[in-house]
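Chain residues, written in single-letter form:
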Amino acid sequence: GRGGGRRDVAREAGPRRSEPAGCRNHERTDNMSVKKETVGDGVLNASGHSSNLRILVVEDHAALARLIGLALESMGHEVRTAGGVNAALELAAQEQFDLLVSDLGLPDGSGLDLMRQLAGRQIKGIAFSGYDDEEHIRAARAAGFAAHLKKPVEMEDLAATIERVLSQSESPKR
């Protein structure tokens, strides 16, 4: 009802739906803000282009992982989520992904280690963490991540970073 307050997205997200419960136009968690845009029957990403990437999201906070996944799905991407390095490696062994979006601090290892282990698989990576100093950014780049975002991350920033990372892969390296 209208007087009941905010819905708990983490509890209600459950199985994937075309319109996630509790995810109206804007939802907020401690580390991520999500705003989705729809036009007609299609869903557009931040640049207004349709996308259909296979994205592996690695985040140990289940509610946040679910929310990121739902937001990326609402942009037209196919998303799988993992709560740690080992689960991510299992998924990557079974499926091909275009992009890794990973927290750096994970319970069973580091997102840096995960990216290094996936290096030979033609997968681009975007890291996020609570730190944005030069040392963390340099470490993320050295591990193979194409970009690093500081938490809290706005979904518009993530969408723009995805576009930038993918456009980098289409242009010749110098």
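Anyway, here's the lowdown on the structure attached to this text.

Rules and cut-offs
Residues numbered from 1 in each chain as written. Predicted model: local features only at pLDDT ≥ 70, side-chain atom pairs only at ≥ 80, totals over all residues. Heavy atoms only, no water. Helix = DSSP H or I, 4+ residues; strand = E, 2+ residues; numbered from the N terminus. Expected span 1.5 Å × (residues − 1). Buried < 20%, exposed > 50% of the residue type's maximum accessible area, 1.4 Å probe, protein only. Core = buried A, V, L, I, M, F, W, Y, C linked by side-chain atoms within 4.5 Å. Contact = heavy atoms within 4.5 Å. Polar contact = N/O pair within 3.5 Å; in protein donor to acceptor, adjacent residues only side chain to side chain. Pairing = 2+ DSSP bridges. Right-handed = clockwise from strand over helix to strand, strands pointing away. Phe/Tyr/Trp six-rings, centres within 6.5 Å; stacked < 30°, edge-to-face > 60°. Lys NZ or Arg CZ within 6 Å of the ring centre and 35° of its normal. Axes fitted to C-alpha atoms, helices over the stretch in contact; angles between N-to-C directions. Patch = residues over 30% accessible without salt bridge, like charges linked within 9 Å, V, L, I, M, F, W, Y side chains within 5 Å. Areas by Shrake-Rupley, 256 points an atom, 1.4 Å probe, with all protein chains shown as cover. Salt bridge = Lys/Arg side-chain N within 4 Å of Asp/Glu carboxyl O. Lys, Arg positive; Asp, Glu negative; His and termini not counted. Charge placed at Lys NZ, Arg CZ, Asp CG, Glu CD.

### Re helix α2 (residues 62-74)
In this model α2 runs 18 Å from its N-terminal to its C-terminal C-alpha over 13 residues, within 8% of the 18 Å that 1.5 Å per residue would give. All of the buried residues in α2 are Leu64, Ala65, Leu67, Ile68, Gly69, Leu70, Ala71, Leu72 and Ser74. Within two residues after α2, Gly76 carries a phi angle of roughly 100 degrees, on the positive side.

### Focus: the nonpolar core
Proteins that are soluble and globular tend to have nonpolar side chains buried together. In this structure, Ile55, Leu72, Val101, Ile126, Leu158 and Ile162 are the most contacted members of the largest nonpolar core, which totals 23 residues. The contacts of Val101, once residues within four sequence positions are left out, are Ile55, Leu56, Val57, Val58, Ile126, Phe128 and Leu158. Core analysis: the second largest hydrophobic core is formed by 20 residues, Leu56, Val85, Ala92 and Ala127 among them.

### Some words on helix α5 (residues 134-143)
For α5, the capping residue at the N-terminal end is Asp133, with a side-chain oxygen 3.1 Å from the backbone nitrogen of Glu135. Just beyond α5, the residue with positive phi is Gly144, at close to 120 degrees.

### Points about the pairing of strand β11 (residues 147-150)
Pairing between strand β10 (residues 124-129) and β11: four bridges, direction parallel. By the bridge assignment for β11, Ala127 is matched with His148. For the handedness criterion, the β-α-β arrangement of β10, α5 and β11 is classed as right-handed.

### A word on the pairing of strand β5 (residues 54-58)
Summarising burial for β5: five of the five residues are buried, a large majority. Side chains Arg54, Leu56 and Val58 of β5 all project onto a buried face; the interleaved residues Ile55 and Val57 project onto the opposite face, where all are buried too. A crossover connection joins β5 to the parallel strand β6 (residues 78-82) through α2; in handedness this β-α-β unit is right-handed. Bridge count between β5 and strand β7 (residues 99-103): four bridges; the pairing is parallel. Bridge assignment links Val58 to a residue of β7, and that residue is Ser102.

### Thoughts on the packing of aromatic side chains
What the rule picks out here adds up to zero aromatic pairs. The ring of Phe97 carries the charged tip of Arg54 above its face, separated from the ring centre by 5.2 Å.

### Some remarks on unusual backbone geometry
Omega for the peptide link from Lys151 to Pro152 comes to -5 degrees, which places this bond in the cis form. Inspection of the secondary structure puts Pro152 in the loop between β11 and β12 (153-154). Within the chain, Gln122 stands out as a residue other than glycine whose phi angle is a positive 55 degrees. Its location among the elements puts Gln122 in the loop between α4 (111-117) and β10.

### Remarks on the sheet that holds β5
The five strands lie next to each other as β6-β5-β7-β10-β11, forming an open sheet whose pairing is parallel. This sheet does not close on itself; its edge strands, each paired only once, are β6 and β11. The mean angle between the axes of side-by-side strands here comes to 20 degrees, regardless of whether they run parallel or antiparallel. Lying on the sheet, α2 is in contact with β5, β6 and β10; it crosses β6 at an angle near 170 degrees.

### Topic: a negative patch on the surface
A cluster of acidic residues, Asp132, Asp133, Glu134 and Glu135, forms a negative patch on the protein surface. Judged by relative accessible area, Asp133 falls into the partly exposed class, the value being 32%.

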